[in-house]
Amino acid sequence: MASLGVEFGASRLLAPYFGTSLYVWGVLIGLILIYLSAGYVIGGRLADRHPRAEVLYQLTAWAGLWIGLIPLVSYPILLASQQGFKELSVGLVAGTLLAVVLLFAAPIVLLGCVSPFAIRLLLKDVETGGNTAGRVYALSTAGSILGTFLPVFWFIPTFGTRPTLEGFGLALVLVSVVGLWPRRRLYAAFAIAVILAWVLLPAGIKPPEAGRLLYEKESAYHYIQVVQVGTKTELILNEGQAVHSIYDSENLLTRGPWDYMVIADAFKPAQTSEPQPKSVAILGLAGGTAARQYTAAYGEQLQITGVEIDPDIIDVAHRFFHLDEPNVHAVASDARYWLNTQAGRYDVIIMDAYRQPYIPFHLTTREFFSEVRSHLSPGGVAVVNAGRTATDYRLVDAIASTMAAVYPSVFLVDVPEFANTLVYGSTEPVTIDDVKHNLGLVSEPLVRTVATSAMAEGSLRVSPYHGQVYTDDLAPVERLIDQIIFSYATAR
């Protein structure tokens, strides 16, 4: 139970600093399996030399103590990783990741010793050896099930990652002390040490890279920060390398990707009147920046459905980002599941569900964009917010190429002050002149400002990309993003 609890705790301990990408999980699981394998070998040999229950309890006591100290010891190392991201130091980031994962080596090796040691202590007759081993592994698997469900569905969402690790460490120490009592009372001090480490933990999970921290929480899906930077309130998620929403008390426009979402209805064949969408779906509502701008531009008669996988983020949107427009209906659901289970049609569907720098692969595929198209009204437009660097458009290329396999016309607009490009896919054949004509019809001040910026600073253009098409079977988006990040960092 402790070993699985530690594995989940380790992943969440790393998430605010290194994210939750496939590669972080791969490194973590792979090394933990190595540690367990070493523990199995060591435990078997140790049990043959010292087949006493006292030795087994000493192993688990030391493992529990180490687990209880990890949250406290890892904190300064994780802060160093934050500095590595800020300085774009690949060596510092990789070094701190390895250092934190190595902290888990000792307790996991010790826990790996338990099963072979228990089998050796319980084995009384070779003829019943299979039954003995089977019972131990059955009990071990039952413990693993508890170690999976308890942290995921109760401890981490309720108490947080660091208290969860402390709790598992303390439980392991207490069981060990009971087994060692009264001959080795000294080990009771281990429980006191874990409790002191718990008390001495820093109050915050992670300091913000800029501004003043207003709120932070570990939800079931994300590490959430709300930060005040001047007049702006910003939503930061996970490792904090991107801003996911902005609320500016002095200016509705943000100069970010959300601004350029309000012109989506112009990406249609030439119209005779000003674009006026009647219904919009936002997949990835976050703090509701785009929903607020759409309401300001087109009025409360515009119906907006905002889909957000994390209910805690919806709560943050209401509390800190003033998402109180009566025409905005927030839904807590995975974007693709929501599409598959509802029958509505929309004039515009915005896909801002990409938790940059790492984005869900199942929201980048041809099948997903086809599902989006099936929920668009005739002439409807799909919009994707894609990340990039100043010169590296590989992610934009991948998304635009995939959308081109579904939509007859695909256009691009760069975000001048953010490393983003908006990708627009129309359900009808559209020319660049059609789009410019429709943008020229705009009179509403906010939309007019964005339209002018899109045609000038944003380099409005037809997408030239027709490369690899991502599918549900093959969508190597995380590998692509890692390559982009590595290239950017090493070029600095």
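The structure presented is a predicted model; accordingly, all values stated were derived computationally and were not measured. (Residues numbered from 1 in each chain as written. Predicted model: local features only at pLDDT ≥ 70, side-chain atom pairs only at ≥ 80, totals over all residues. Heavy atoms only, no water.)

Enquirer: Explanation requested: the overall build of the protein in the structure shown.
Expert: Regarding its fold elements, the protein presents 17 helices and twelve strands. Expressed as lengths along the three principal axes of its C-alpha atoms, the size of the protein is roughly 90 × 50 × 45 Å. Per-residue burial over the protein gives 55% buried out of 492 residues. Counted over contacts in the protein with a minimum sequence separation of 6, partners at least 24 positions apart contribute 73%. For the protein, the accessible area works out to roughly 20,900 Å², and carbon and sulfur atoms hold 61% of it. Between the mean site of the 33 positive side-chain charges and the mean site of the 42 negative ones, the protein shows a separation of 10 Å. (Helix = DSSP H or I, 4+ residues; strand = E, 2+ residues; numbered from the N terminus. Buried < 20%, exposed > 50% of the residue type's maximum accessible area, 1.4 Å probe, protein only. Contact = heavy atoms within 4.5 Å. Areas by Shrake-Rupley, 256 points an atom, 1.4 Å probe, with all protein chains shown as cover. Lys, Arg positive; Asp, Glu negative; His and termini not counted. Charge placed at Lys NZ, Arg CZ, Asp CG, Glu CD.)

Enquirer: Where do I start with the sheet that holds strand S3 (residues 232-237) in this structure?
Expert: Across a sheet, paired strands are connected by hydrogen bonds in the backbone, their directions being either parallel or antiparallel. An order of S1-S2-S3-S4 is seen for the four strands of this open sheet, with the pairing classed as antiparallel. Every interior strand has two partners, whereas the edge strands, strand S1 (212-218) and strand S4 (243-248), have only one. For this sheet, the mean inter-axis angle between neighbouring strands, taken without regard to orientation, is 15°. Sheet analysis places S3 next to S4, joined by five bridges and oriented antiparallel. Within the sheet, the bridge partner assigned to Ile236 lies in S4 and is Val243. (Pairing = 2+ DSSP bridges. Axes fitted to C-alpha atoms, helices over the stretch in contact; angles between N-to-C directions.)

Enquirer: Honestly, the packing of aromatic side chains in this entry has me stumped. Any pointers?
Expert: How two aromatic rings sit relative to each other is set out by the distance from centre to centre and by the angle between their planes. Applying the stated criterion across every chain yields a total of 15 aromatic pairs. Consider the rings of Phe267 and Tyr424, whose centres lie 3.9 Å apart with planes at 10°: the pair is stacked. Within this pair, whereas Phe267 is found in the loop between S4 and strand S5 (279-283), its partner Tyr424 is found in strand S11 (residues 420-426), the two being separated by 157 residues in sequence. An aromatic cluster is defined as three or more aromatic residues linked by ring pairs; in this entry it consists of Trp154, Phe155, Phe159 and Phe168. For Lys206, the ring lying beneath its charged end belongs to Tyr17, and the centroid distance is 5.3 Å. (Phe/Tyr/Trp six-rings, centres within 6.5 Å; stacked < 30°, edge-to-face > 60°. Lys NZ or Arg CZ within 6 Å of the ring centre and 35° of its normal.)

Enquirer: Honestly, the pairing of strand S2 (residues 223-229) in this entry has me stumped. Any pointers?
Expert: Residues in a regular strand point their side chains to alternate faces of the sheet. Among the seven residues of S2, six are classified as buried, and the element is accordingly described as predominantly covered. Where S1 meets S2, six bridges bridge the pair, whose relative direction is antiparallel. Its bridge partner lying in S2, Glu218 is registered against Tyr223. Between the end of S1 and the start of S2, which pair antiparallel, lie four residues. In the sheet, S2 pairs with S3 via six bridges, with the strands oriented antiparallel. Along S3, the bridge assignment pairs Val226 with Leu235.

Enquirer: What should I look at first to understand the sheet that holds strand S10 (residues 409-415) in this one?
Expert: Pairing is mixed in the open sheet, where eight strands are placed in the order S7-S6-S5-S8-S9-S11-S10-S12. Looking at which strands have only one partner, the edges of the open sheet turn out to be strand S7 (328-332) and strand S12 (461-462). Set on the sheet, helix H14 (residues 394-404) makes contact with strand S9 (376-387), S10 and S11; between it and S9 the angle comes to about 165°.

Enquirer: Any chance you could explain the pattern of salt bridges here in plain terms?
Expert: Should the charged atoms of two oppositely charged side chains come close, the side chains can pair. If you walk through the whole model with that rule in mind, you get twelve salt bridges. One salt bridge connects Arg388 with Asp414, and the closest N-O pair in it is separated by 3.8 Å. Pair noted here: Arg388 is in the loop between S9 and H14 and Asp414 is in strand S10, with a separation of 26 residues, a long-range link. Both residues of the pair, Arg388 and Asp414, belong to the buried class. In the salt-bridge network here, residues are joined through shared partners; they are Glu54, Arg183 and Arg184. (Salt bridge = Lys/Arg side-chain N within 4 Å of Asp/Glu carboxyl O.)

Enquirer: Any chance you could explain unusual backbone geometry here in plain terms?
Expert: One can expect most non-glycine residues to show negative phi and most peptide bonds to be in trans. Look at the link from Trp181 to Pro182: it is a cis peptide, with omega at 0°. Structurally, Pro182 can be placed in the loop between helix H8 (161-180) and helix H9 (188-199). Backbone geometry places Asn238, a non-glycine residue, at a positive phi of 55°. Take Asn238: it is sitting in the loop between S3 and S4. A relative accessible area of 9% places Asn238 in the buried class. With phi around 65°, Arg255 is a residue other than glycine that occupies positive phi space.

Enquirer: Even after reading the chapter, I still don't get the nonpolar core, so can you show me in this structure?
Expert: When a protein is soluble and globular, its nonpolar side chains tend to lie buried together. Membership of the largest hydrophobic core comes to 42 residues, with the highest contact counts inside it found for Ile263, Phe267, Tyr294 and Tyr424. For this core, the secondary structure elements donating two or more residues are S5, helix H10 (289-298), strand S8 (346-351), S9, S10, S11, helix H15 (432-440) and helix H16 (445-455). Counting residues in hydrophobic clusters, the runner-up holds 39 residues, among them Val406, Tyr407, Tyr465 and Ile484. (Core = buried A, V, L, I, M, F, W, Y, C linked by side-chain atoms within 4.5 Å.)

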